[in-house]
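# Architecture at a glance
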Amino acid sequence: AAPRSPPTSPFPPLIDMLKPILLVEDDARDLELTLVALERSQLANEVVVVRDGAEALDYLNREGVHADRPEGNPAVILLDLKLPKVNGLEVLKSVRATEPLKSIPVVMLTSSQAESDVVQSYTLGVNAYVVKPVEFKQFVTAIADLGVFWAVLNEPPPGSLRASRQIGRASCRE
């Protein structure tokens, strides 16, 4: 008898079902700290890094160098406020004005404590506004908690892919 091949599952591998986290950060130090913190939170989600607001919009809209990226939206956008080319508020405004993107959770992750920045971010539809702590341990804890909340605990809108909810179902839709 010929050897039998292992049974195939009708479901994509779990890692393929996890949506990425989009990190939009131009400061090298903050980028490194954020990546370390996300790594320590042990999330399986891929972290996609873009360094300015224009590239963030290209990624989200699948344009420019990101035209060939896989379909689907990130689980969450961690967005710096002060960015080159297109600032974080303009990125947020564009996300909220674009039908396929407007339900993506957006967390403003910034060093700005200016009341006007906070008010404007919430007026434009940010889901959370987090001021970057200066102390490393506090920063790592804050980022890890953010990653776990938005990538694992948050209930996405209907029609979004959520790996833990898809296991055992016959169809997976984006």
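Above this note sits the structure.
All of the points below concern the structure found in this document.

Scoring rules and cut-offs
Residues numbered from 1 in each chain as written. Predicted model: local features only at pLDDT ≥ 70, side-chain atom pairs only at ≥ 80, totals over all residues. Heavy atoms only, no water. Buried < 20%, exposed > 50% of the residue type's maximum accessible area, 1.4 Å probe, protein only. Helix = DSSP H or I, 4+ residues; strand = E, 2+ residues; numbered from the N terminus. Pairing = 2+ DSSP bridges. Right-handed = clockwise from strand over helix to strand, strands pointing away. Salt bridge = Lys/Arg side-chain N within 4 Å of Asp/Glu carboxyl O. Core = buried A, V, L, I, M, F, W, Y, C linked by side-chain atoms within 4.5 Å. Contact = heavy atoms within 4.5 Å.

Now for the pairing of strand β3 (residues 76–79). The two faces of β3 match: V76 and L78 on one face and I77 and L79 on the other face are all buried. As paired elements, strand β1 (residues 21–24) and β3 share 4 bridges and run parallel to each other. Each bridged residue has a counterpart across the sheet, and for L22 the counterpart in β3 is I77. Strand direction decides the pairing type here: β3 and strand β4 (residues 106–110), joined by 3 bridges, are parallel. Opposite L78, over in β4, you have V107 as the bridge partner. Between the parallel pair β3 and β4, the chain is carried across by helix α4 (residues 88–97), and the sense of this crossover is right-handed.

Once that is clear, we can look at the pattern of salt bridges. Evaluation of the coordinates by the stated rule reveals 5 salt bridges. Between K82 and D117 there is a salt bridge, with its nearest N and O atoms 3.3 Å apart. Taken together, the residues span a long stretch of sequence, with K82 in the loop between β3 and α4 and D117 in helix α5 (residues 115–123) at a distance of 35 residues. Given a relative accessible area of 11%, D117 falls into the buried group.

So, on to the nonpolar core. Formed by 22 residues in total, the largest nonpolar core has its most connected members in L22, V24, L60, I77, L79 and M108. Non-local contacts of V24, meaning those with residues more than four positions away in its chain, are made with V50, D52, A56, I77, L78, L79, D80 and L83.

By themselves these figures say nothing about function.
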